[in-house]
Amino acid sequence: MLKHTFIVLTATLSSFGVFAQNTLVEMNTNVGNIEIELFNDKAPISVKNFEDYAKSGFYNGTVFHRVIPGFMIQGGGLESNLVEKTIEKAPIKNESSNGLKNKRGTLVMARTNDPNSARSQFFINTVDNDFLNKSAMNAGYAVFGQVTKGMDIVEKIEKTATGNRGMYQNVPTQSIVIQSVKIKAPKESK
C-alpha cells in the first residue's frame, strides 16, 4: 500500500511540473562536440533565449571569439571574420539570483556592464569563478546550464593559441567554429 501511494504521489507531482524537464543540447564545433544540460527550472528566461537562438540556427557559423585560460571560453555572437551577427531579439533579464554558481563547466549568459543586457553570447567557465556570482556588490552573471559531456573539448578550446585581432583580445589564432547547436531531448531532473 505504501509503495502504491508513493507511485501515485510521484505521478501526481510529475504532472504538476515538480520534476522539471531540463533540455539537453549538443554543440557541434570544428574541434569536437559538447553536450550541455540546460536548467529550464532554475533559469527559464535564459534557457528559452538560448533555445530560441539555437532553433533558429543563429549559432551556426559563430565562433568562440574570446578564450582566456584559467577563466572561460566565450562565443555565440561573432562570425569567423569577427563581425557581429545581426540580433533582432531584445536583451533579457539577468537571472543571476537563481542560486546557481559560476562553477567549472557551467554555461553562463555573457553581458555588458548593464546586468540586463544579455542577448546571444554565452561563456563556459573553465574554473570556479566565484567572483561572477551575484552578491551585494555585484549583479552577477546568470548560470543556465552545465556541460555533461565534452569537457575535454572545452579544455582543448581553452588551450588554443590566442592573440589580438582589431579591437578584440584573446581571439583564437585558428577559428573555433560552432557548426550547430541542436536540442537533443528533455532530461528529467529532480
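Just above sits the structure.
One structure accompanies this document, and this report is about it. Nothing here was measured: the structure is a model prediction, and the numbers come from that model. (Residues numbered from 1 in each chain as written. Predicted model: local features only at pLDDT ≥ 70, side-chain atom pairs only at ≥ 80, totals over all residues. Heavy atoms only, no water.)

**Re the overall build of the protein chain**
Put simply, the test is: For helices the rule is a DSSP run of H or I covering at least 4 residues; for strands it is a run of E covering at least 2, with both sets numbered from the N terminus onward. Under the scheme applied here, a residue whose accessible area is under 20% of the maximum for its type counts as buried, over 50% as exposed, and between as partly exposed, the area being computed with a 1.4 Å probe on protein chains only. Contact criterion: two residues are considered in contact whenever any of their non-hydrogen atoms come within 4.5 Å of each other. The accessible surface values rely on the Shrake-Rupley method and a 1.4 Å probe; as for residues, cover is taken only from the protein chains in view.
A count of helices and strands for the protein chain gives three helices and 10 strands. Secondary structure elements of the protein chain occur, N-terminal to C-terminal, as α-β-β-α-β-β-β-β-β-α-β-β-β. Relative to its 190 residues, the protein chain shows a buried fraction of 47%. The contacts in the protein chain between residues at least 6 apart in sequence include a share of 68% that link residues at least 24 apart. Put simply, the protein chain shows about 9,900 Å² of open surface, and 54% of that area lies on carbon and sulfur atoms.

**Considerations on the side chain of Arg111**
For the record, the criterion: When charges are counted, neither His nor the chain ends are considered; positive counts come from Lys and Arg and negative counts from Asp and Glu. When a carboxyl oxygen of Asp or Glu lies within 4 Å of a side-chain nitrogen of Lys or Arg, that pair is called a salt bridge. Within 3.5 Å is the distance limit for a polar contact, defined as a pair of N or O atoms, with the added protein rule that one can donate a hydrogen and the other accept it, and that residues adjacent in sequence qualify only through two side-chain atoms.
Among the structural elements, Arg111 can be located in the loop between β5 (106-109) and β6 (122-125). Nearest to the buried, unbridged Arg111 among oppositely charged side chains is Asp114, at 6.8 Å. Polar contacts involving the side chain of Arg111 include one to the main-chain carbonyl oxygen of Gly140, which spans 3.0 Å.

**A short note on the nonpolar core**
Note the threshold: The criterion is simple. A nonpolar core is a set of buried Ala, Val, Leu, Ile, Met, Phe, Trp, Tyr and Cys residues joined through side-chain atoms within 4.5 Å.
If you look at the biggest cluster of nonpolar residues, it comprises 31 residues, and the most contacted ones within it are Met27, Phe50, Tyr59, Phe122 and Phe144. Ignoring any residue separated from it by four or fewer positions in sequence, one finds Phe144 in contact with Glu37, Leu38, Phe39, Ala43, Ser46, Val47, Phe50, Leu107, Val108, Met109 and Phe122.

**Some points on the pattern of salt bridges**
Counting across every chain of the model gives five salt bridges. Asp130 is paired through a salt bridge with Lys103; the nearest N and O atoms lie 3.4 Å apart. In this pair, Asp130 is assigned in the loop between β6 and β7 (143-149) and Lys103 in the loop between β4 (72-79) and β5, connecting sequence segments 27 residues apart. Classification of Lys103 as partly exposed rests on a relative accessible area of 34%. In this structure, Glu155 and Arg104 form a salt bridge, with 2.1 Å as the shortest nitrogen-oxygen distance. One end of the pair, Glu155, is in helix α3 (residues 151-158); the other, Arg104, is in the loop between β4 and β5, and 51 residues separate them in sequence.

**Here we look at the environment of Asn98**
Within the fold, Asn98 resides in the loop between β4 and β5. Taking C-alpha positions, Asn98 is 5.9 Å from Lys42, a pair spaced 56 residues apart along the chain. When sequence neighbours within four positions are dropped, the list of residues in contact with Asn98 reads Lys42, Ala43 and Val143. Side-chain polar atoms of Asn98 contact the backbone oxygen of Glu95, separated by 3.1 Å. Engagement of the side chain of Asn98 in a polar contact is seen with the backbone nitrogen of Leu100, the distance being 2.9 Å.

**Brief notes about the side chain of Thr106**
Mapped onto the elements of the fold, Thr106 is located in strand β5. For Thr106, a relative accessible area of 3% puts it in the buried group. A distance of 2.9 Å separates a polar atom in the side chain of Thr106 from a polar atom in the side chain of Asn125.

**So, the environment of Asn30**
Considering the arrangement of structural elements, one finds Asn30 in the loop between β1 (21-29) and β2 (32-38). Here the alpha-carbon distance between Asn30 and Val63, two residues 33 residues apart in the chain, equals 9.8 Å. Here Asn30 is in contact with Ser175, Ile176, Val177 and Gln179, once residues within four sequence places are set aside. Among the polar contacts made by the side chain of Asn30, one reaches the main-chain amide nitrogen of Val177 at a distance of 2.8 Å.

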